[in-house]
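Below, each chain spelled out in residue letters.
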Amino acid sequence: MRNSILTIVILVSLACKIKNDQKLVKLNYGKDTLVEVMQDLQVAEQAVKTFDYKLQDSIKNRYYTQILEIYNLDSTRLNQDLKNIVSDKDLYLEYQSEVVDSLKAKQKKRNIE
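Quick look at the structure, then. (Residues numbered from 1 in each chain as written. Predicted model: local features only at pLDDT ≥ 70, side-chain atom pairs only at ≥ 80, totals over all residues. Heavy atoms only, no water.)

## So, the nonpolar core
Ranked by size, the top nonpolar core spans 20 residues in total, and within it Leu 34, Leu 78, Ile 85 and Tyr 95 carry the most contacts. Of all the secondary-structure elements, those providing two or more residues to this core are α2 (31-48), α3 (53-71), α4 (75-87) and α5 (89-112). Looking at which element gives the most residues to this core, the answer is α2, with six residues. Excluding residues within four positions of it along the chain, Tyr 95 makes contact with Leu 27, Lys 31, Leu 34, Val 35, Met 38 and Ile 85. (Core = buried A, V, L, I, M, F, W, Y, C linked by side-chain atoms within 4.5 Å. Buried < 20%, exposed > 50% of the residue type's maximum accessible area, 1.4 Å probe, protein only. Helix = DSSP H or I, 4+ residues; strand = E, 2+ residues; numbered from the N terminus. Contact = heavy atoms within 4.5 Å.)

As structure tokens, this is what we get:
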């Protein structure tokens, strides 16, 4: 199983270029869970950048595996949900907006404490 956060980032980057007429997207996991997972994936992606380039691939995979374990998620179902989200521009913007807002709120709270 060679899952990579990089794959998800590439899918996210392509989201704005993909046009999907299907507006009703069936997701395996709830919105709250997916938003939290997307937050963790973004934080992990930034954390990986602080490591030596040669180590980044294995660290990405470890972070991804840990995120799956923390949320008790199936990688196939999660990947399908993420693909469905990024393939629908409006849905992607909705989720990404919540992710960014939540991360900003957490950062603000952290700075206060």
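## A short note on α5
The terminal C-alpha atoms of α5 lie 34 Å apart, and with 24 residues this matches the ideal 34 Å at 1.5 Å per residue to within 8%. Every buried residue of α5 is listed here: Leu 91, Tyr 92, Tyr 95, Gln 96 and Val 99. (Expected span 1.5 Å × (residues − 1).)

## Quick notes on unusual backbone geometry
Glycine aside, the phi torsion of most residues is negative, and most peptide linkages are trans. The phi angle at Asn 72 is positive, at roughly 55°, despite the residue not being glycine. Turning to its location among the elements, Asn 72 is positioned in the loop between α3 and α4.

## Points about the packing of α2 against α3
Two elements in contact, α2 and α3, have axes whose closest approach is 10 Å; the angle formed by their N-to-C orientations is 160°. Judged by the inter-axis angle, α2 sits roughly antiparallel to α3. The two elements α2 and α3 meet at a crossing, and its hand is right-handed. The residues of α3 that touch α2, namely those facing Glu 36, Val 37, Asp 40, Leu 41, Ala 44, Glu 45, Ala 47 and Val 48, are Gln 56, Ile 59, Lys 60, Tyr 63, Tyr 64, Ile 67 and Tyr 71. Along the lines of polarity and charge, the residues of the contact of α2 with α3 split into 10 nonpolar, one polar and four charged. (Axes fitted to C-alpha atoms, helices over the stretch in contact; angles between N-to-C directions. Parallel < 35°, antiparallel > 145°, perpendicular 65-115°, else oblique. Left-handed = near helix turned anticlockwise from the far one by under 90°. Nonpolar A, V, L, I, M, F, W, Y, C, P; charged D, E, K, R; others polar.)

The quantities given are spatial measurements derived from coordinates; they are silent on function.
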